[in-house]
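# A look at the structure
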Amino acid sequence: MTDAPNPLLSPPALPYDLPPYGSIAVEHYLPAFHAAFAAQRAEVDAITAQTAEPTFENTLVALERSGELLDRVARTFYTVTGADGTPEIQQVEEQLAPLMAAHRDAIQLDAALYSRIAAVHAQLDGLDLDAESRYLVERHHREMSLAGAGLDDAQKTRLTDLNQRLSVLTNTFEKNLLADTNDLAVVFDDAAELDGLGDGELSAAAQAATARGLDGRYVVTLTLYTGHPYLASLTNRESRRRLLEASRARATRDNEYDNRPVLREIVRLRAERAALLGYPSHAAAVLADQTAGSPEAVASLLRRLAAPAAANARQEQAALQRIADADGIRIDAHDWAFYTEKVRAERYDLDRAALRPWFEAERVLRDGVFFAAEQLYGIRVNERHDLQGYHPEVRVFEVHNADGSELGLFLLDLYTRDTKRGGAWMNSIVTQSALRGTAPVVVNNLNVNKPAPGTPTLLSLDEVTTLFHEFGHALHGLFATVTYPHFGGTAVYRDFVEFPSQVNEMWILWPEILANYARHIDTGEPLPADVVERLHASEAFNQGFATSEYLAASWIDQAWHGLSVDEASAEIDVAAFEADALADIGLDNPAVPTRYASTYFAHVFSGGYSAGYYSYIWSEVLDADTVEWFRENGGLTRENGDRFRQRLLGVGGSGDPLAAYRDFRGRDAEIQPLLERRGLTG
């Protein structure tokens, strides 16, 4: 490192406090973190060293002002770890994981700080605070209580040890998964083995092979979930089998990337931590501070949905088998998507793979995703070629409100690469806060295969859905308007956070939106009206499979994290545990594998969704009910958009999300629209 100033420690100089990624080197991160840790520790020490009686201003507001440097450094770094996790970045992350956990614990478990917050909380009813300020006191007090701030010193020491070890293990889980996912990418020698793929998909496979030094061959990289989009198109059954087999083998082999011992230790330590905090299981500890409230509430919903979903999947399987009989095969998991498309074509005269030419990525983005938001909320999105992201493929857009005022920045990182973790996600590099005077900077990451230069990127309908979904998260992060950084962006209950993103999916097939973006790449012709009708008619098609695979993963998550410390301490066979859990809820159909198996279930073993994967369907109850509201109230109008923005998205984490929903909807959400959407009303 040179003697030049560390750019991470210099005052922000770019628009919207965008980090100067072009000036940041890997060696800048750790020194910046150490400086940021020390700065926040000093800020918190200044709060607790006061002799003045605790007040909202000298304790809660002072705490909210603390840690600004750490927040900036951490968001800058963790944006890169998921999206461009080079070996050098991974090495820093490994060193940083226990340090970050220790720092968080030092503040969350600070007895003097907790005492001051508790004192303010005790006099809350006598304070003249606005609603957000009152909620801030309540949330800090509850979060510190749940984190263990009331434990004795010996218990806190053990808790800190557990948290540090868990931070290392979750990092190891993600590192193993990324490495094994890359290692298990399927290599094909001949294009004939990939018969059924389009030119763009073949181009992407050839490009991936060239990038690995395998000129003349084809490489199909794996997705985060169990299945793969290409399974619907590949005519070669052996190719389908190889692809799904590779996907399901991830981090299960007896090699350095085996995640089985890693996840077993994660489960055991999480259970021990929960017991230390006074809960019977990790799930009970997590759900105590979610809208669901308890594992029993989650189990009730999942069981209610599982039986009809499994029954629907069996009916779907029978329909697939009738066609597969002509080919002399019994339907296996790797056949499901392929024969589903045959049934879809027979029943609806619809070939989803043939839709790609109507879904060119740039047009979907500008004339679909952005256009829908512009129509609904009046915002304007313009690309800023003068601003740089963390990787050359990242694009930067500036977002303005309808009145021309600045709103924030949106970054898009569309393509897959070996240094990017699987899946799709949104994160905030900067969150809005009136206290700090900051505006939002948000990122969407996807994993679309990149075709050869000069070849257009054509999306599948599933990828179109993902793009709309993730931009729903981005809008939530952009629109949240709060005073305190604690509530900025998408800092809401985890089983509420998917709600805005799922609502944004409604615009994909909305007539005005679809007509604007779904244009043939060669002719410019819109998607034919009869095809649109068939898409609508088939919306509930294959929902037995889709619901079953999702519920299966949710149940596995609850099963692992519902273990007591004694149960989690036993030597558990991972495959047998999964099989028993799926049999318990009746989702043990071999042809319908769980969407994520334990060894590659990054959401719960390296992400923020432990005991929380149920959140998608929990949020979908709100989502489906909201879609009904839009349909009943005129659909795509500025009036509707403004109401949704102001009463829900704009709230951020500054209030009870279910109260915000009632304010928007006029009542609690009803489950019937979800049941109808997923065909579970029979």
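First things first, this report covers the structure right here in the doc. Throughout this description, residue numbers start from 1 for each chain and increase along the sequence as written. Since the coordinates come from a predicted model, pLDDT governs what is reported: local features require at least 70, and pairs of side-chain atoms require 80 or more to be given and counted, while whole-chain, interface and lining totals use all residues. Calculated side-chain values reflect all of the structure's heavy atoms, with hydrogen atoms and water omitted.

## Structural notes on the layout of surface pockets
When its volume is computed, the second largest pocket comes out at roughly 440 Å³. Contributing to the lining of the second largest pocket are 22 residues, with Arg248, Ala575, Glu578, Thr594 and Ala597 lying nearest its centre. Secondary structure elements are defined from DSSP: runs of H or I of at least 4 residues count as helices, runs of E of at least 2 residues count as strands, and each element is numbered from the N terminus. Tallying contributions element by element places helix H21 (residues 574-585) first for the lining of the second largest pocket, with five residues. The residue classification treats Ala, Val, Leu, Ile, Met, Phe, Trp, Tyr, Cys and Pro as nonpolar and Asp, Glu, Lys and Arg as charged. All others, Gly included, are polar. Class assignment for the residues of the lining of the second largest pocket results in ten nonpolar, six polar and six charged. Cavities and pockets were defined on a 1 Å grid built from protein atoms only: a cavity is a group of points that admits a 1.4 Å probe but offers it no way out, a pocket is an open group of points flanked by protein on both sides within 12 Å along at least five of seven lines, and a lining residue is one with an atom within 4 Å of any such point. Grid points are joined across faces, edges and corners, and a volume is the space filled by probe spheres set on the points.

## Some remarks on the nonpolar core
With 163 residues, the main nonpolar core has Phe359, Phe468, Trp507, Tyr517 and Trp560 as its most contacted residues. Counting residues per element, this core draws most heavily on helix H12 (residues 295-324), which supplies eleven residues. For Trp507, the contacting residues outside a window of four places in its chain are Ala372, Leu376, Phe468, Ile513, Phe630, Gly635 and Leu636. Membership of the second largest hydrophobic core comes to 32 residues, among which are Ala36, Phe37, Val80 and Leu411. Buried residues of nine kinds, namely Ala, Val, Leu, Ile, Met, Phe, Trp, Tyr and Cys, make up a nonpolar core once their side-chain atoms join them within 4.5 Å. The cut-offs for exposure are 20% and 50% of the maximum accessible area for each residue type, with area from a 1.4 Å probe on protein chains only; residues under the lower value are buried, those over the upper are exposed, and the others partly exposed. Residues count as neighbours in contact if any of their non-hydrogen atoms are within 4.5 Å of one another.

## Points about the sheet that holds strand E7 (residues 441-448)
Two strands qualify as a pair provided that DSSP identifies no fewer than 2 bridges between them. An order of E3-E4-E5-E7-E6 is seen for the five strands of this open sheet, with the pairing classed as mixed. Strands at the two margins of the open sheet, each flanked by one partner only, are strand E3 (380-383) and strand E6 (425-430). Between one strand and the next, the sheet's axes are offset by a mean angle of 25°, whatever the strand orientation. Between the N-to-C directions of two axes lies an angle of 0 to 180 degrees, each axis being a line fitted to C-alpha atoms and, for a helix, fitted only over the stretch in contact. This element, helix H15 (residues 461-479), spans strand E4 (395-400), strand E5 (406-415), E6 and E7 of the sheet and lies at about 170° to E7.

## Concerning the environment of Gly477
Along the chain, Gly477 falls in helix H15. On the basis of relative accessibility, which here comes to 2%, the residue Gly477 falls in the buried class. Measuring from C-alpha to C-alpha, the distance between Gly477 and Asp623 comes to 17 Å, with 146 residues separating the pair along the chain. Aside from chain neighbours lying at most four places away, what touches Gly477 is Met426, Pro440, Val442, Gly489 and Thr490.

## Focus on the packing of aromatic side chains
Side-chain rings of Phe, Tyr and Trp (the six-membered ring for Trp) are treated as a pair once their centres are within 6.5 Å; stacked means planes under 30 degrees apart, edge-to-face means over 60, and tilted covers the remaining angles. This structure, assessed with the given rule, holds 40 aromatic pairs. Ring centres of Phe370 and Phe410 lie 6.0 Å apart, and the angle between their planes is 85°; this geometry places the pair in the edge-to-face category. Residue Phe370 is located in helix H14 (residues 361-377), and its partner Phe410 is located in strand E5; the two are separated by 40 residues in the primary sequence. When sorted by exposure, Phe370 lands in the same class as Phe410, which is buried. Measuring from ring centre to ring centre gives 6.0 Å for Phe499 and Phe644, while their planes differ by 80°; the resulting arrangement is edge-to-face. With Phe499 in helix H16 (residues 498-504) and Phe644 in helix H24 (residues 638-647), this residue pair connects regions lying 145 residues apart in the sequence. The burial state of Phe499 is the same as that of Phe644; both residues are buried. By the ring-pair criterion, three or more aromatic residues cluster together here, those being Phe496, Phe499, Trp507, Trp510, Trp629, Phe630, Phe644, Tyr661 and Phe664.

## What about the pairing of E7?
Of all eight residues in E7, seven are buried, a share of seventy percent or more. As paired elements, E5 and E7 share six bridges and run parallel to each other. Paired with Leu411 across the bridge in E7 is Val443. In this sheet, E7 lies alongside E6 in antiparallel orientation, the contact comprising five bridges. Each residue of the ladder has a partner; that of Ser428, found in E7, is Val442.

## Some words on empty space enclosed by the protein
Applying the stated criterion across every chain yields a total of four cavities of 30 Å³ or more. Lining the largest cavity are 13 residues; nearest its centre among them are Asp71, Arg72, Val430, Arg436 and Thr438. Of all the elements in the fold, those that place two or more residues in the lining of the largest cavity are helix H3 (68-83) and E6. Broken down by element, the lining of the largest cavity gets its largest block of residues, four residues, from H3. Along the lines of polarity and charge, the residues of the lining of the largest cavity split into four nonpolar, three polar and six charged.

## A word on the packing of helix H4 (residues 87-108) against helix H7 (residues 153-183)
The N-to-C vectors of H4 and H7 enclose an angle of 155°; their axes lie 8 Å apart at closest approach. As far as their axial angle goes, H7 and H4 are roughly antiparallel. Relative to H7, H4 is oriented so that their crossing is right-handed. Residues Gln90, Glu93, Glu94, Ala97, Pro98, Ala101, Ala102 and Asp105 of H4 pack against Leu159, Thr160, Asn163, Gln164, Ser167, Val168, Asn171, Lys175 and Leu178 of H7. Of the residues contributing to the contact of H4 with H7, the split by class is seven nonpolar, six polar and four charged. Angles below 35 degrees are treated as roughly parallel, those above 145 as roughly antiparallel, those between 65 and 115 as roughly perpendicular, and all remaining angles as oblique. The hand of a helix crossing depends on one turn: near helix anticlockwise from the far one by less than a right angle means left-handed, and clockwise means right-handed.

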